[in-house]
Amino acid sequence: MPVYKAPVDDSLFVLFDVLKMEGYGNLPGFADAPRDLVEAVVTEGAKLCEEVLQPLNLSGDAKGCHRNDDGTVTTPPGFREAYKQYCEGGWMGLSFDPAYGGQGLPAALHAIIGEYMSSANLAWGMYPGLTQGAMAALHVHASDAIKDTYLPKMVSGEWTGTMNLTEPHCGTDLGMLRSKAVPNGDGSYAITGQKIFISAGEHDMSENIVHLVLARIEGAPGGTKGISLFVVPKFLPNADGSIGERNPVSCGKIEEKMGIHGNATCVMNYDGAKGWLVGEENKGLAAMFVMMNEARLSVGIQGLSQSEVAYQNAVAYAKDRLQGRSLSGPKAPEKPADPIIVHPDVRRNLMTLRAINEAGRALVIWTALQADVLHRSEDAAERQKAEDHLGLMTPIIKGVLTDLGFDNAVKAQQMFGGHGYIDEWGMGQFVRDARITMIYEGANGIQALDLVGRKLPANGGRAVMAFFNEAGTFCAQNKDDATVGPMVASLSKGLKDLQAATMWFMQNALAKPDNAGAGSTPYMHMFGLVAMGYMLARMAKVAGEKLGNGADDRMTAKIATARFFFEQMMPETGAHLARISAGADSMMALPAEAF
């Protein structure tokens, strides 16, 4: 059976020792989150994930969801009961607006608990995860009447939410969607169309499901300029907040898919279902992108989560499995063989996972704190800087952490040899579940194109220049530091490669856009390496300071992990730069018929 222990100490180290959460005390909600409260919240969240959610992961994958003859869906055994505990604990509204029943605590706590939840049970975590994204979109764009009707019920967890974008004939290219909205004459619209791949589209965990649906109002312009967003509930709300008659929206089928079997991924049919406009007509994509950006960060966390839980199980197995002898002599002479953790190639895999997990966690929490600044600060300059950071880092976190999350799940599975291919060990589930994170909420190739085509040139390159300046300043200030000096030399080289690649795009992509497309994925991963390296260097610096004050061996381990990253992984920026600067010629040379 797989195991999982939430990395509470690592999360708190990043939050307080590296990122200095106390320094955000001027923001609303932070004064209500002193360290002792944060530690209690994170510890309780970890307990829920370890003791309630994780034991349901393997069985939920085996049982899956079942569509009944009446179109309703039954979730795996235990899912409903776990969801009830989650709601009773107030976890849905942890960082949400208190005006609607939320607790208003920092979004960074939500991100931390989100990692634990997805590590423990990714499929289960998608039910509240989609709801929180829908809540965010409604909070920003919906009318007061809609917010008052839906948000309190969603914050309490009584009602859940979904996001309905994709149709059978269009995925990323939403301008092709065909779902239509016809005014009913009473302020509502009749929504007709079919949506596919709708996570948590139908289930038995909440009494109502609130669908956010993209559709085109009759007579609206074609393409993305004519798309509007609607709130379409499964059951129509009564004036007193109770649920009324059933809306003609139904689950046509549950997709049979590679992983996340415990989540109901549905084909949803809208047959004149009643919905209400969210935001302005023909401005639906702007409203939906609030949810999309929230979802992309959450999916990046999912990639990290599968890497973490796979790593933990691989470490446990590598310490226990006896196979061969150490190249430098027996390490367990009293046993017939040494545990495989003594072998350098096993260590290479485990250290790779460990370094990415620690760096990715720090990158996520840093970005979550910037989301708090954006939504809570009264300082316009602070908000702008935070918004720039979020725009730049969202495609990197989504694309890089999910690509690496899948790769790392495979590496961890490899540690088990043939046992990793056997279902009872659970490693195959981590691989299968991690795979979807690279695809949904915008496939990773789209994330790379977004980074290179939109985020780099935005506002004259303001966001990327701010990152270059911050990382470069850290390098300059710490090049002679006893602990991180050698790491800073490697980080500086990676940063120079990243700056060179950025300049290459500026000089070669405008006249030949295929150059940008050809180099976008290597660039995204290069940026991810540098950003993660910056996080690891900051952590190593703090760890060195703590060691000087008599800290425990955890700090020594953090320094060793960072050292491995800079020696073994950061040099890959040079290879990425070579790929980018080669351009698109060889990639685009063959005519389509030659394939």
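Just above sits the structure.
Residues numbered from 1 in each chain as written. Predicted model: local features only at pLDDT ≥ 70, side-chain atom pairs only at ≥ 80, totals over all residues. Heavy atoms only, no water.

A.B. asks: Residues and numbers for the overall build of the chain, please.
C.D. replies: A count of helical and extended segments in the chain gives 16 helices and 11 strands. Computed over the C-alpha atoms, the radius of gyration of the chain is 24 Å, within 12% of the 25 Å expected from 2.2 N^0.38 for a compact globule of 595 residues. Counting only C-alpha atoms and orienting by the principal axes, one finds that the chain spans roughly 80 × 60 × 60 Å. Evaluated residue by residue, the chain yields a buried proportion of 58% over its 595 residues. Put simply, 74% of the contacts in the chain that link residues at least 6 apart link residues at least 24 apart. Roughly 24,200 Å² of accessible area belongs to the chain as shown, and the carbon and sulfur atoms make up 54% of that amount. (Helix = DSSP H or I, 4+ residues; strand = E, 2+ residues; numbered from the N terminus. Rg over C-alpha atoms; globule rule 2.2 N^0.38 Å. Buried < 20%, exposed > 50% of the residue type's maximum accessible area, 1.4 Å probe, protein only. Contact = heavy atoms within 4.5 Å. Areas by Shrake-Rupley, 256 points an atom, 1.4 Å probe, with all protein chains shown as cover.)

A.B. asks: Mind laying out the pattern of salt bridges, listing which residues take part and the relevant values?
C.D. replies: According to the stated counting rule, one finds 29 salt bridges in the structure shown. K274 serves as the salt-bridge partner of D186, at 3.8 Å between the closest nitrogen and oxygen. Of this pair, D186 sits in the loop between β4 (180-183) and β5 (189-199) while K274 is found in strand β11 (residues 265-278), placing the two residues 88 residues apart along the sequence. You can call K274 partly exposed: its relative accessible area is 28%. Here the salt bridges share partners, and the residues they tie into one network are D10, E115, E308, R354, E358, R361, R554 and K558. (Salt bridge = Lys/Arg side-chain N within 4 Å of Asp/Glu carboxyl O.)

A.B. asks: Outline the state of the cysteines, listing residues and values.
C.D. replies: By the definition in use, this model includes zero disulfides. Free of any disulfide, C65 has its nearest cysteine sulfur in C266, 7.7 Å distant. Judged by its relative accessible area of 18%, C65 falls in the buried class. Of the cysteine sulfurs around C251, a residue in no disulfide, the closest is that of C266, at 3.7 Å. Since its relative accessible area comes to 2%, C251 is described here as buried. (Disulfide = S-S within 2.5 Å.)

A.B. asks: I'd like a description of the packing of aromatic side chains, backed by residues and values.
C.D. replies: Throughout the structure, instances matching the rule amount to 19 aromatic pairs. Measuring from centroid to centroid gives 5.5 Å for F565 and F566, while their planes differ by 85°, and the two rings are edge-to-face. It is R246 that lies over the ring of F235; its NZ or CZ is 5.6 Å from the centre. Positioned above the aromatic ring of F406, the side-chain terminus of R435 is 5.6 Å from the ring centre. (Phe/Tyr/Trp six-rings, centres within 6.5 Å; stacked < 30°, edge-to-face > 60°. Lys NZ or Arg CZ within 6 Å of the ring centre and 35° of its normal.)

A.B. asks: Quick rundown of helix α16 (residues 572-581)? Include the residues and the values.
C.D. replies: Turning to α16, its buried residues number three or more, namely T573, H576, L577 and I580. The arc that holds every buried residue of α16, seen down its axis, measures 100°, which confines them to one face. Of the surrounding secondary structure, the elements contacted by the buried residues of α16 are α13 (485-508) and α14 (513-548). (Arc of directions from axis to C-beta.)

A.B. asks: Which residues make up the pairing of strand β3 (residues 159-164), and what are the values?
C.D. replies: Among the six residues of β3, six are classified as buried, and the element is accordingly described as predominantly covered. Neither face of β3 is left uncovered, since the one carrying W159, G161 and M163 and the one carrying T160, T162 and N164 both have all their residues buried. Both β3 and strand β6 (residues 208-217) contribute to a ladder of six bridges, which runs parallel. Residue M163 lies in a different strand from β6, and its bridge partner there is L212. (Pairing = 2+ DSSP bridges.)

A.B. asks: So what's going on with the packing of α14 against helix α15 (residues 553-569)? Residues and values would help.
C.D. replies: Close contact between α14 and α15 brings their axes to 8 Å; oriented N to C, the two are set at 150°. Our pair here, α14 against α15, has a crossing hand that is left-handed. On α15, the residues touching L529, M532, G533, L536, A537, A540, A543, G544, K546 and L547 of α14 are M555, T556, K558, I559, A562, F565, F566 and M569. When the residues that make up the contact of α14 with α15 are grouped by side-chain class, the tally is 13 nonpolar, three polar and two charged. (Axes fitted to C-alpha atoms, helices over the stretch in contact; angles between N-to-C directions. Left-handed = near helix turned anticlockwise from the far one by under 90°. Nonpolar A, V, L, I, M, F, W, Y, C, P; charged D, E, K, R; others polar.)

A.B. asks: So, the nonpolar core: which residues are in play, and what are the values?
C.D. replies: In terms of nonpolar packing, the biggest core is built from 193 residues, with L15, Y116, M393, F467 and Y523 touching the most fellow members. Looking at which element gives the most residues to this core, the answer is helix α5 (residues 107-141), with 18 residues. Excluding residues within four positions of it along the chain, M393 makes contact with L363, W366, T367, F467, F527 and A531. (Core = buried A, V, L, I, M, F, W, Y, C linked by side-chain atoms within 4.5 Å.)

A.B. asks: Quick rundown of helix α10 (residues 427-437)? Include the residues and the values.
C.D. replies: Most of α10 is tucked away, with eight of its 11 residues classed as buried. Turning to α10, its buried residues are M427, G428, Q429, F430, V431, D433, A434 and T437. Its buried side turned inward, α10 meets α3 (57-63), α5, α7 (284-320), α9 (380-415) and α11 (444-455).

A.B. asks: An account of the packing of helix α2 (residues 35-53) against helix α4 (residues 79-88) is requested, with residue identities and associated values reported.
C.D. replies: One can describe the packing of α2 onto α4 by two numbers: an axis separation of 11 Å at closest approach and a directional angle of 165°. Classified by the angle between their axes, α2 and α4 sit roughly antiparallel to one another. Read as a crossing pair, α2 and α4 show a hand that is right-handed. Seen from α2, the contacting residues are L48, V52 and L53; seen from α4, they are A82, Q85 and Y86. Residues of the contact of α2 with α4, tallied by class, amount to five nonpolar, one polar and no charged. (Parallel < 35°, antiparallel > 145°, perpendicular 65-115°, else oblique.)

A.B. asks: Outline the environment of V42, supporting the account with residue identities and numerical values.
C.D. replies: Within the secondary structure, V42 is located in helix α2. When near neighbours in sequence (up to four residues on either side) are disregarded, V42 contacts V8, L12, L109, I112, I113 and Y116.

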